[in-house]
Amino acid sequence: AVPESVATVPENVDYPRYAEAMESHVPLPVATQIAKHDFSHRQADILMEAARSPHVSPETLETIADKTLSSGKMRGLLDIASVGKNPLDFRNMDEQTLKAAVSVLFHGGKDLPVTELDLAQLRSVDLALMDGASPAEAMRAAESDCRISRIRSPRREGCSHRTR
């Protein structure tokens, strides 16, 4: 026999969506929120994918399960977790910078200080990595690009990382 507390489905929920969330091993409170449509369909899909991922701890899932986050930011935080990084370290990044950080991590920059770089530097590092540069060479190229851009346009935003 199944205990009554387990067999009881919350009231006013989308039962198929609730069942799908529970089958994905989403924690009960998050499954209930998904079934009550507190999350968009895309957000719910990301949460269910995160719950099934072996790289996502319960703490990480809790970080991602924030209905104030856009689905793009949720996706980025899930991608960060999938490469073994702590999403909490990236949570304050805007969505565009987060996407650039994810790209750097996927292109071989796992050991780089990506949380300390701004969007322009991340893009520069990512391009260098995609061109075959080592992570150290990519960082030097980004620092060089930022120094040159500050000389040309001292009021240019970005490249705020300290230079040597």
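The structure displayed is predicted, hence computed values, not measured ones.

S.K.: What am I meant to see in helix H4 (residues 41-52) here?
M.R.: Every α-helical turn comprises 3.6 residues, leaving residues that sit three or four positions apart pointing alike. An ideal rise of 1.5 Å per residue puts 16 Å on twelve residues; H4 measures up with 17 Å between its terminal C-alpha atoms. Next to the buried residues of H4 lie helix H2 (15-23), helix H3 (28-35), helix H5 (58-64) and helix H6 (71-82).

S.K.: Before we go on, may I ask you to explain H3 in this structure?
M.R.: Of all the positions in H3, only Val30, Ala31, Thr32, Ile34 and Ala35 are classed as buried. Contacts from the buried residues of H3 go to H2 and H4.

S.K.: Help me understand the packing of H2 against H4 in this model?
M.R.: Angle between the axes and distance between the axes: these two values describe a pair of packed helices. Taken N-terminus to C-terminus, the directions of H2 and H4 make an angle of 25 degrees; their axes are 9 Å apart at the nearest point. If you check the angle between H2 and H4, you find them roughly parallel. The hand of the H2/H4 crossing is left-handed. Touching Arg17, Glu20 and Ala21 of H2 are His41, Ala44, Asp45 and Met48, all from H4. Grouping the constituent residues of the contact of H2 with H4 by class yields three nonpolar, one polar and three charged.

S.K.: Would you mind showing me how to read unusual backbone geometry here?
M.R.: Note on backbone geometry: most residues besides glycine have negative phi, and most peptide bonds are trans. Unusually for a residue other than glycine, His25 sits at a positive phi of about 65 degrees. The topology assignment puts His25 in the loop between H2 and H3. Positioned with a positive phi, His37 is a non-glycine residue whose angle comes to about 60 degrees. One can find His37 in the loop between H3 and H4.

S.K.: I keep staring at the environment of Thr63 and nothing clicks. Help me out?
M.R.: Residue position: Thr63 is located in helix H5. Under the relative-accessibility criterion, Thr63 is labelled buried at 10%. For the pair Thr63 and Leu88, spaced 25 residues apart in sequence, the C-alpha separation works out to 7.0 Å. In this structure Thr63 touches Leu69, Pro87, Leu88 and Arg91, once residues within four positions along its chain are discounted.

S.K.: Looking at this model, I keep getting lost on the side chain of Thr60. Mind explaining?
M.R.: Relative to the assigned elements, Thr60 resides in helix H5. Setting aside chain neighbours within four positions, we find Thr60 in contact with Ala81 and Pro87.

S.K.: Looking at this model, I keep getting lost on the pattern of salt bridges. Mind explaining?
M.R.: Once their charged atoms are close, side chains differing in charge can pair, the charge on each being opposite to the other. Under the definition given, this model contains seven salt bridges. Here Glu20 makes a salt bridge to Arg17, at a shortest N to O gap of 2.9 Å. One end of the pair is Glu20 and the other is Arg17, both in helix H2 and three residues apart, which spans about a single turn. Among the residues examined, Arg17 registers a relative accessible area of 8% and is labelled buried. Across the pair Glu49 and Arg75 runs a salt bridge whose closest N-O atoms are separated by 2.6 Å.

Thresholds applied
Position numbers for residues start from 1 in each chain and track the written sequence from start to end. Restriction of local features to residues with pLDDT of at least 70 applies here, the model being predicted, together with a cutoff of 80 or more for giving and counting side-chain atom pairs; totals for whole chains, interfaces and linings are based on all residues. To obtain the side-chain values, all non-hydrogen atoms of the structure were used and water was disregarded. For the purposes of this entry, the term helix denotes a DSSP run of H or I that reaches at least four residues, the term strand denotes a run of E that reaches at least two, and both are numbered from the N terminus. In this scheme, a helix's expected span is set at 1.5 Å multiplied by one less than its residue total. We call two residues contacting when some pair of their heavy atoms lies within 4.5 Å. Partly exposed describes any residue whose relative accessible area lies between the buried limit of under 20% and the exposed limit of over 50%, with all areas from a 1.4 Å probe on protein chains only and scaled to the type maximum. The angle between two axes is taken between their N-to-C directions and runs from 0 to 180 degrees, where each axis is a line fitted to C-alpha atoms and a helix contributes only its stretch in contact. Under this scheme an angle from 65 to 115 degrees is roughly perpendicular, one under 35 degrees roughly parallel, and one over 145 degrees roughly antiparallel; angles in between are oblique. With the far helix as reference, a near helix turned anticlockwise by less than a right angle produces a left-handed crossing, and one turned clockwise produces a right-handed crossing. For this classification, the nonpolar set comprises Ala, Val, Leu, Ile, Met, Phe, Trp, Tyr, Cys and Pro, the charged set comprises Asp, Glu, Lys and Arg, and every other residue, Gly included, is treated as polar. Salt bridges are defined as contacts in which a side-chain nitrogen from Lys or Arg sits within 4 Å of a carboxyl oxygen from Asp or Glu.

Note that all results are geometric; they support no functional claim without further evidence.
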